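# Descriptive analysis of the structure
Given next are the chains, with one letter for each unit.
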Amino acid sequence: MGVDRRQWMLGSLTKKLFIKTYGCQMNVYDSARMADVLTPLGFCQVDSPDDADIVIFNTCHIREKATEKVYSELGRLRDIRDKRIAAGAGMIIAVAGCVAQAEGEEMLHRAPHVDIVLGPQTYHRLPEMVARAARAPDLEGGGTGAGVLDTKFPAEPKFDSLPKVSSQGVSAFLSIQEGCDKFCTFCVVPYTRGSEYSRPIRDVMDEAKALVAGGAREITLLGQNVNAYHGMSAGGNEWRLGDLIRSLAEIEGLARLRYTTSHPCDIDDSLLSAHGEVRSLMPFLHLPVQSGSDRILTAMNRRYTADDYRRTTHRLREVRPDMALASDFIVGFPGESRADFKATLRLVRHIDFAQAYSFKFSARPGTPAAMLADQVDNATAEERLKELQMLLDDQQQAFNSRFLGLALPVLLDRPGRKSGQLAGRSPYMQAVHVTAKDAFLGEIASVRIDHTGVNSLGGRLSGNDDHVWGEGLQQRVCA
Ligand code: SAH
Ligand code: SF4
Ligand code: F3S
């Protein structure tokens, strides 16, 4: 016996929504916005797919592993859906994000129990898609999805049709730029997210104010290439990211600003000087370099040399001496020799990173690098990855240990690992755990660091006046 979709959809006033997010912060933002779109229709969010009426997987296509994970989790979800149908309930399964965009119709064949496949640019149309899915034939279990597909790149930007943003809590994300025109040869993003688009300044300002009114003390501006941001000011001037940051910094109550992810080519003078002038702009920058070999950087189409990257980081540290840098690396890019890899290790030693992500090259269908001869064998890539990660871990540990005994301003934004603890971030993005009452949630508290690990710091609340944040701290951090 199947379940009549329409009867089931009309069956109760509130429907339960479960969203699982994979991939980057842009997907985290998009998931929050999908919830904003569905909340007015009576959906409320739950923590498990088991009792959800609608499940959305917001997916990531960046590496093969990320994509395969989605399919295996969809298999598990089919069993949950079958159980619900046997019990007379229903479940609508939607796959959103970059895998959905890349696979499109193919996904409906590979996972026929999926009801809706939608791309990152069409989620403002979710209510219509859910309504279409609800009108599809009865739910029978197994592979009987509704087959709704919407992976177009619509002419109208989705931001114009989205409802007002809801509160995201103390630390909020705000997408200001989307898509990418850089076409690095290894990367799927230009194909899954489309071409570069910057949101109008006014929209960004309004959304930032709404987030602050909803309790945000920190906003992280997001974009695949966030520093390619450009907009037209009310006075008719072209604004870049540095100008936008200066304007956002004036919002009362907004204590911290960050932005991610930036491309080394788009760090212009106005952004550089903003790092020196805007106190709420945090001294931490994620600036992916990928490789330290010019030959490989050219093959990747990154448009800079290792020396260009060194120069940019020096300039950043000139204007902000305690600037902590993070990065991304790919090892085993086609044609990468031992000498190329050593150039990467040299660059890492030169820059001294506070944090980094490193990946084995993953050949992605449709990208130019996947077609290159001279692919590096897995064992070699694995070895290089380990070697690089060891060096990066040592740097991260050394960076963290410089804070021992110092008091840091920590924005406490979530419960800690143990009861009675809260956790938050230092200006340098380190996770900090501290014993503190819930009343401190949302506060920037002074925490004296008494132990440090690779991934986090721990400490005690100290008097609010004894921050060494400032000149003294800069000397230690840059030691
Ligand atoms: N826009 C950002 C990166 C976005 S993707 C930039 O230009 O730096 C996030 C990271 O995933 C990249 O920095 C890269 O290190 C990694 N990545 C992207 N494609 C990859 C691939 N095909 N194989 C392995 N890692 C990849
Ligand atoms: Fe991908 Fe390169 Fe664009 Fe970053 S800049 S999103 S790595 S194509
Ligand atoms: Fe992944 Fe798409 Fe982000 S491919 S990294 S979710 S832009």
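Data block above holds the structure.
My aim in this report is to walk through the structure given alongside it, one point at a time. (Residues numbered from 1 in each chain as written. Chains lettered and ligands numbered in written order. Predicted model: local features only at pLDDT ≥ 70, side-chain atom pairs only at ≥ 80, totals over all residues. Heavy atoms only, no water.)

A side chain with one charge can pair with a side chain of the opposite charge if their charged atoms come near. Enumeration according to the criterion identifies 26 salt bridges in this entry. Here E68 makes a salt bridge to R110, at a shortest N to O gap of 3.5 Å. Here the residue E68 occupies a position in helix α3 (residues 64-86), and R110 occupies one in helix α5 (residues 105-110), the gap between them amounting to 42 residues. (Salt bridge = Lys/Arg side-chain N within 4 Å of Asp/Glu carboxyl O. Helix = DSSP H or I, 4+ residues; strand = E, 2+ residues; numbered from the N terminus.)

Looking now at the site of ligand 3. In the vicinity of ligand 3, the contacting residues are C24, N27, T59, C60, H61, I62, C98, R193 and Q224. Considered class by class, the residues forming the shell around ligand 3 number four nonpolar, four polar and one charged. (Near = heavy atom within 4 Å. Nonpolar A, V, L, I, M, F, W, Y, C, P; charged D, E, K, R; others polar.)

This brings us to α3. The end-to-end C-alpha distance of α3, which contains 23 residues, comes to 34 Å, matching closely the 33 Å that a straight helix rising 1.5 Å per residue would cover. Three or more residues of α3 are buried, namely T67, V70, Y71, E73, L74, L77, I80, R81, R84 and I85. Backbone geometry just downstream of α3 places G88 in the positive-phi region, at approximately 85°. (Expected span 1.5 Å × (residues − 1). Buried < 20%, exposed > 50% of the residue type's maximum accessible area, 1.4 Å probe, protein only.)

Right, let's get into the pairing of strand β13 (residues 256-260). By the criterion of burial, β13 is predominantly enclosed, with five of the five residues buried. On β13, burial covers both faces: R256, R258 and T260 on one face and L257 and Y259 on the other are all buried. Where strand β10 (residues 218-222) lies against β13, five bridges are found, and the strand directions are parallel. Across the sheet, residue E218 finds its bridge partner in β13, namely R256. (Pairing = 2+ DSSP bridges.)

Next up on the list: the side chain of H113. Take H113: it is sitting in the loop between α5 and β5 (116-118). On the accessibility criterion, H113 (3% relative accessible area) is buried. Separated by 2.8 Å, the side chain of H113 and the backbone oxygen of L74 make a polar contact. When sequence neighbours within four positions are dropped, the list of residues in contact with H113 reads L74, G75, R78, R81, I93, G142, G143, T144 and G145. (Polar contact = N/O pair within 3.5 Å; in protein donor to acceptor, adjacent residues only side chain to side chain. Contact = heavy atoms within 4.5 Å.)

Before going further, it helps to examine the site of ligand 1. Every one of the 15 residues lining ligand 1 counts as a neighbour, but F186, Q224, Q290, D328 and S362 are closest to it. A distance of 2.8 Å separates a nitrogen atom of ligand 1 from a polar backbone atom of Q224. Note that an oxygen atom of ligand 1 is positioned 2.7 Å from one of the side-chain N or O atoms of Q290. In isolation ligand 1 exposes 540 Å². Once the protein is present, 89% of that is buried. Elements that contribute at least two residues to the shell around ligand 1 include exactly β15 (324-331) and β16 (355-360). Residue classes in the shell around ligand 1 are distributed as six nonpolar, four polar and five charged. (Areas by Shrake-Rupley, 256 points an atom, 1.4 Å probe, with all protein chains shown as cover.)

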